[in-house]
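Structure assessment
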Amino acid sequence: MEYGYSLEVASPPAGWVLEELKAFLTGAGLGFASGIEHTALVRDGGGRIAAAASLAGNVVKCVAVDPALQGEGLTATLLTALRQKALAAGRRRLFLYTKPENRPQFTALGFHEVARAGEAVLMEDRRDGFDRWAQSIRSPAARGIVGAAVLNCNPMTLGHKYLIEEAARTCGFLYVLVVSEDRSAVPAADRRAIVEAVCRDMPSVAVAGTGEYLISSATFPDYFLKDRTRAGAVWADLDIAVFCRLARTLGVTRRFVGSEPFCPVTAAYNRAMAAALPEQGVELVELDRLERGGQAVSATAVRGLVRAGRWRETEPLVPAETFAWLAREENRRLLLERAGEA
């Protein structure tokens, strides 16, 4: 550290340090983000916070420097401290979300733009990270009209299978991207394994994960937004921008979604895609939900049956692979625990 400054790391910040940090961030026009594990602080000679940056998982958040001290390399010091914490936890890449005007500052510190849209930019500290991920998904079997569907499958239902089959029927090749973010009631690894098993006999379908680039609105950090009520719309725009970059690599010209009568967030996201994707050469195809007994088949209904102890009644609603997963008591218990319903 430069003379007169000191560095400390709180893991996580608590007590008076947390209150001091929140006040400092408020002065910088930022909020304190959730899920913070580590916060690096630079203090001046008087013990006051001069700069701060935090880490949640492998995402850098809440970076702020006293305007009078900008240009003195304090952000680099903070990021070095956070990288050490990340490496100690086995995390070898960092991401951050920031305002477009901050992009040059973080570029100078070794971050590279993944995508930008309106009020937000997604950056990572690997120059070729996104391209490597996209190429790892790319299938040499892709030909003709190439489509894509991004699905959570929490758990996979016959509605998901129907969407995949209908999409594949109208394409030469279909990428099914299962959400990798592990926040759902059914663990990410199990969701993907079930989808892979269901699609195993579909020769024109490739199943892959969304990696660390396509995330849910629930984990999009809104601490840097002036109007946080717009967080959902900003997330949608940025997530669509990331998908469009992936689509260019994979040659995707159609994205398939199911109609959404239940979730207003997903319905709003579908509307945003309908407006934005055609400008990027991608057609949005919305398929009607599969119905059983006059009701749309949904993962929400399946989870509700499990919650009510009526898991056997899910059999007409899910593929055999999903039903086999639900038939195991430990899996049902895990689903309820992760959904906070145990």
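These notes cover the structure that comes with them. Remember, it's a predicted structure, so these values are computed and weren't measured experimentally.

Across all of its chains, the model carries 18 salt bridges by this definition. Linking R83 and D125 is a salt bridge whose minimum nitrogen-to-oxygen distance equals 3.5 Å. With R83 in helix α2 (residues 74-88) and D125 in the loop between β7 (120-124) and α4 (129-137), the pair connects residues that are 42 residues apart, well separated along the chain. Look at R83 and you get partly exposed, because its relative accessible area is 26%. The closest approach of N and O atoms between E113 and R103, which form a salt bridge, is 2.5 Å. A residue pair is termed long-range when its members are at least 10 positions apart, and E113 in strand β6 (residues 112-117) and R103 in helix α3 (residues 103-108) qualify at 10 residues.

Before going further, it helps to spend a moment on the environment of H112. Along the chain, the position of H112 falls in strand β6. Residues H112 and L41 lie 71 residues apart in sequence; the distance between their C-alpha atoms is 24 Å. Side-chain polar atoms of H112 contact the backbone oxygen of G110, separated by 3.5 Å.

The interhelical angle for the contact between α4 and helix α7 (residues 231-250), taken along N-to-C directions, is 55°, at an axis separation of 10 Å. Our classification of the angle between α4 and α7 gives oblique. Here α4 runs over α7; the crossing is right-handed. Between α4 and α7, the contacting residues are F130, D131, W133, A134, Q135 and I137 on the first element and V242, R245, L246, T249 and L250 on the second. In terms of residue class, the contact of α4 with α7 is made up of seven nonpolar, two polar and two charged.

Interaxial distance between α7 and helix α8 (residues 264-276) falls to 10 Å at its minimum, and their mutual angle equals 50°. One way to sum up the angle between α7 and α8 is to call them oblique. Handedness of the crossing formed by α7 with α8: right-handed. When α7 is examined against α8, the residues W235, A236, D239 and I240 are found in contact with a partner set consisting of V265, Y269, A272, M273 and A276. Counted by class, the contact of α7 with α8 contains eight nonpolar, no polar and one charged residues.

Turning our eyes to something else, we now look at the sheet that holds strand β8 (residues 146-151). Here five strands make up an open sheet; going across it, the order is β10-β9-β8-β11-β12 and the pairing parallel. Each edge of the open sheet carries a strand with a single partner, namely β10 (205-209) and β12 (283-287). This sheet shows a mean twist of 25° between the axes of neighbouring strands, independent of strand direction. Pairing between strand β11 (residues 252-258) and β12: five bridges, direction parallel. Among the inter-strand pairings, G258 is bridged to a residue of β12, identified as L287. Contacts from helix α6 (residues 188-198) reach β9 (173-178) and β10, with the element oriented near 175° to β10.

Rules of the game
Residues numbered from 1 in each chain as written. Predicted model: local features only at pLDDT ≥ 70, side-chain atom pairs only at ≥ 80, totals over all residues. Heavy atoms only, no water. Salt bridge = Lys/Arg side-chain N within 4 Å of Asp/Glu carboxyl O. Helix = DSSP H or I, 4+ residues; strand = E, 2+ residues; numbered from the N terminus. Buried < 20%, exposed > 50% of the residue type's maximum accessible area, 1.4 Å probe, protein only. Polar contact = N/O pair within 3.5 Å; in protein donor to acceptor, adjacent residues only side chain to side chain. Axes fitted to C-alpha atoms, helices over the stretch in contact; angles between N-to-C directions. Parallel < 35°, antiparallel > 145°, perpendicular 65-115°, else oblique. Left-handed = near helix turned anticlockwise from the far one by under 90°. Contact = heavy atoms within 4.5 Å. Nonpolar A, V, L, I, M, F, W, Y, C, P; charged D, E, K, R; others polar. Pairing = 2+ DSSP bridges.

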